[in-house]
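This is what each chain is made of:
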Amino acid sequence: MADKEKKEKKEKEKKVNAQAENTEQQTEQTEPEQPQDPQAELAAVKEQMEKAAKELAEAKDTLLRTAAEYDNFRKRSAKEKDAAFGNGVSFAVEKLLGVLDTLALAANAQTADESYKKGVLMTLEKANAAFTAMGVEEIEAQDKPFDPELHAAVMQQAAPEGVESGTVVQVLQKGYTYNGKVIRHAAVAVAQ
C-alpha cells in the first residue's frame, strides 16, 4: 500500500505542478511587459502626440478651407441670381422702349381730338412712372458733353453760337439705363 500512496502522492504533485505552470503561463500572457527603457517609451508617446497634432491641424485647415469655399459659392450664386434677374428686366425694358417711343410720338402729334391726346398723355405718364419704379432712368443728353459710354453719335451739325464742339445739340432717340447699366444709348447729333 505504501507504493500506492506514493504513486497517488506523485500524481497529485504532478497535477499541482501542472496547474501552477498553467497559472504562470496565463499570468505571463495577461500581464503587460514592463518597459525596458522609459525614455524610449516617452519618445514614442511624444511622436504619437506630434502626429495627432499634425493630423488635427490638417483637418482644421481643410475644414476652414471648405467653409470659405462654401461661403464664396453662396455669395457667387447670389450675385449670379441678381445678375440673371437684372438681365431679364433689361431685356423686357429694351423690348418695351419701342412702345414708349411710339407713345411719345403720338403725344406730340397734332390732333383735333383732345380726349384722344389726353388718353395718350396719361398712358405715357403711367409708362414713365412704371419704368421709374423699376429703376429705369432716362439718359440726360441735351446740351451735355458727348459721352461715348452713354451716347451714340449718329450725325454732326455745325455748332451754333456759344456751343462748344463735342456738345450734344439734338437728341434723336432717348437713351435709358437700368441700375446704372445702359439699356439703350441715346442717339444724338453732336456739334462740330
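Here, residues in each chain are numbered from 1, in the same order as that chain's written sequence. Since the coordinates come from a predicted model, pLDDT governs what is reported: local features require at least 70, and pairs of side-chain atoms require 80 or more to be given and counted, while whole-chain, interface and lining totals use all residues. The basis for every side-chain value is the complete set of non-hydrogen atoms in the structure, without hydrogens or water.

(A) Local environment of the nonpolar core. Val93, Leu97, Leu100, Phe131 and Val136 are the most contacted members of the largest nonpolar core, which totals 14 residues. Examining the composition of this core, we find that six residues originate from one element, helix H2 (residues 38-108), more than from any other. Apart from residues lying up to four places away in sequence, phenylalanine 131 is in contact with Val93, Leu96, Leu97, Leu100 and Val136. In terms of nonpolar packing, the next biggest core, distinct from the first, is built from five residues, Ala141, Val168, Ala186 and Val190 among them. Throughout, nonpolar core names a set of buried Ala, Val, Leu, Ile, Met, Phe, Trp, Tyr and Cys residues whose side chains join them through atoms within 4.5 Å. Any residue under 20% of the maximum accessible area for its type is buried, any over 50% is exposed, and the rest in between are partly exposed; the area is computed with a 1.4 Å probe on protein chains only. A helix here means a DSSP run of H or I that spans at least four residues, while a strand means a run of E at least two residues long, and both kinds are numbered starting from the N terminus. Residues count as neighbours in contact if any of their non-hydrogen atoms are within 4.5 Å of one another.

(B) Here's a closer look at the pattern of salt bridges. For this analysis, a salt bridge means a side-chain nitrogen from Lys or Arg found within 4 Å of a carboxyl oxygen belonging to Asp or Glu. Scanning the entire structure with this criterion turns up five salt bridges. Here arginine 184 makes a salt bridge to aspartate 101, at a shortest N to O gap of 2.8 Å. Taken together, the residues arginine 184 in strand E5 (residues 181-184) and aspartate 101 in helix H2 connect sequence positions 83 residues apart. We classify aspartate 101 as partly exposed; its relative accessible area is 21%.

(C) Representation of the layout of surface pockets within the structure. Method remark: on a 1 Å grid restricted to protein atoms, a set of points is classed as a cavity if a 1.4 Å probe fits but cannot get out and as a pocket if it is open with protein on both sides within 12 Å along at least five of seven lines; lining residues have an atom within 4 Å of a point. Grid points are joined across faces, edges and corners, and a volume is the space filled by probe spheres set on the points. Its boundaries defined by the atoms lining it, the largest pocket holds a volume of some 180 Å³. The wall of the largest pocket is formed by Asp101, Ala104, Leu105, Asn108, Val171, Leu172, Gln173 and Lys174. Top contributing element to the lining of the largest pocket by residue count: H2, with four residues. In this classification, the charged set is Asp, Glu, Lys and Arg, the nonpolar set is Ala, Val, Leu, Ile, Met, Phe, Trp, Tyr, Cys and Pro, and all remaining amino acids, among them Gly, are polar. Here the lining of the largest pocket is composed, by residue class, of four nonpolar, two polar and two charged.

(D) Structural view of the sheet that holds strand E4 (residues 176-178). Two strands make a pair as long as DSSP finds a minimum of two bridges between them. Taking strand neighbours across the sheet as the criterion, the three strands line up as E1-E4-E5 in an open arrangement whose pairing is antiparallel. Of all the strands in the sheet, just strand E1 (136-138) and E5 have a single pairing partner and so form its edges. Sheet twist, expressed as the average angle between the axes of neighbouring strands with direction ignored, equals 35°. Direction of pairing for E1 relative to E4: antiparallel, over a ladder of three bridges. By the bridge assignment for E4, glutamate 138 is matched with tyrosine 176. Every axis corresponds to a line fitted to the C-alpha atoms, with the helix fit spanning only the stretch in contact, and the corresponding angles, defined between N-to-C directions, vary from 0 to 180 degrees. This element, H2, spans E1, E4 and E5 of the sheet and lies at about 35° to E5.

(E) Expanded view of the side chain of threonine 167. Residue placement: threonine 167 occurs in the loop between strand E2 (151-157) and strand E3 (168-173). Here threonine 167 falls in the buried class, since its relative accessible area comes to 14%.

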